[in-house]
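Remarks on the overall topology
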Amino acid sequence: MSSANSSTERVQQALQDLGLAYQVQQLPQSTRTAQAAAEAVGCRLGQIVKSLLFEDLAAHQPILILTSGENQVDEELVSAALGQQIQLASPDFVRNKTGFAIGGVAPVGLREDIPTYIDQDLLSFPAVWAAAGSPRAVFQIYPQELIKATGGKVIQVC
C-alpha cells in the first residue's frame, strides 16, 4: 500500500485485526463517487459499497448504511424498518463519528462502534468494493465477510 495516510492505514489495520487478508489499494484516480470507483476498479456500479452515514433524529446517534452503488437509500423505508426517523448526516457529523471524510468512509476502522445495515442487493455479487479511508483508496471483499466484519444486519434499503 503506497502513499498511505493514517485513515487508509487504520482501515488496513482493521482488516488485519478482523483476520481478513484484503489489501487496501491506492489508486491514481478518484473513487469518491460510486461511478468513479466502479470505473477505477473495472467493476459494475452495483458492486461498489456506498458507506452512507445517517443520523437518528431522536437520539442524534449515527447509523451506517452500506448500499449498492446503483441504489438510493429510501429514508422512509429504512426509518420504518428500524423504527427510527433517520436523515443523511452532515459532513461534520460524518467526520466526527467515523473519522473519515465523505467520499472515503470505510465500513471498517470507524472511530466508534456504529450500528450498521447492509443493502441486501450487495449479496447478489461474488465480490464488492468498499472505500478505504480516502477518496482514492478501496478494498475488495466478499459480501458475507463484509457482514461478519461490520456486524451489519442485512435489510432492504430501496
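Predicted model only: the values in this text are computed from it and were never measured.

Another aspect to go through is the overall build of the protein. From N to C terminus, the protein includes five helices and eight strands. Scanning the protein from its N terminus toward the C terminus, one meets helices and strands in the order α-β-α-β-β-α-β-α-β-β-β-α-β. For 158 residues, the compact-globule formula gives about 15 Å, and the C-alpha radius of gyration of the protein, at 14 Å, lands near that figure. Considering only C-alpha atoms, the protein reaches an extent of 40 × 30 × 30 Å along its principal axes. The buried share of the protein, taken over its 158 residues, is 53%. Contacts in the protein between residues far apart in sequence, at least 24 positions, make up 62% of those at least 6 positions apart. Looking at the protein as shown, the accessible area adds up to about 7500 Å², and 47% of this sits on carbon and sulfur atoms. Computing the positive centroid from 10 side-chain charges and the negative centroid from 15, the protein places the two 6 Å apart.

The subject of this paragraph is the environment of Cys 158. Along the polypeptide, Cys 158 turns up in the segment after β8 (153-155). Each C-alpha atom, one on Cys 158 and one on Leu 77, is 7.0 Å from the other, the two residues being 81 residues apart in sequence. With residues up to four places along the chain from it excluded, the contact list for Cys 158 reads Asn 71, Gln 72, Asp 74, Leu 77 and Asp 121.

Let's shift gears to the nonpolar core. Ranked by size, the top nonpolar core spans 31 residues in total, and within it Val 11, Leu 15, Phe 139 and Leu 146 carry the most contacts. Elements represented by at least two residues in this core include exactly α1 (6-17), β2 (48-56), β3 (61-68), α4 (91-98), β6 (128-131), β7 (137-141) and α5 (143-150). Among residues more than four places away in sequence, those in contact with Phe 139 are Val 11, Leu 15, Tyr 22, Gln 23, Val 24, Pro 107, Val 108, Val 128, Trp 129, Ala 130, Ala 131 and Ala 132.

Here the focus is helix α2 (residues 34-41). Residues spaced three or four apart along an α-helix point in a common direction, a consequence of the helix completing one turn every 3.6 residues. Where α2 is concerned, the buried positions are Ala 34, Ala 37, Ala 38, Ala 40 and Val 41. One face of α2 carries all of its buried residues, which in axial projection span an arc of 165°. Contacts from the buried residues of α2 go to β2, β6 and β7.

A few words on the packing of aromatic side chains. Each aromatic ring pair is summarised here by two numbers: the centre-to-centre distance and the angle between the ring planes. A complete count under the given rule lists one aromatic pair for this structure. Sitting above the plane of the Phe 100 ring, Arg 10 keeps its charged end 4.3 Å from the centroid.

Definitions and limits used
Residues numbered from 1 in each chain as written. Predicted model: local features only at pLDDT ≥ 70, side-chain atom pairs only at ≥ 80, totals over all residues. Heavy atoms only, no water. Helix = DSSP H or I, 4+ residues; strand = E, 2+ residues; numbered from the N terminus. Rg over C-alpha atoms; globule rule 2.2 N^0.38 Å. Buried < 20%, exposed > 50% of the residue type's maximum accessible area, 1.4 Å probe, protein only. Contact = heavy atoms within 4.5 Å. Areas by Shrake-Rupley, 256 points an atom, 1.4 Å probe, with all protein chains shown as cover. Lys, Arg positive; Asp, Glu negative; His and termini not counted. Charge placed at Lys NZ, Arg CZ, Asp CG, Glu CD. Core = buried A, V, L, I, M, F, W, Y, C linked by side-chain atoms within 4.5 Å. Arc of directions from axis to C-beta. Phe/Tyr/Trp six-rings, centres within 6.5 Å; stacked < 30°, edge-to-face > 60°. Lys NZ or Arg CZ within 6 Å of the ring centre and 35° of its normal.

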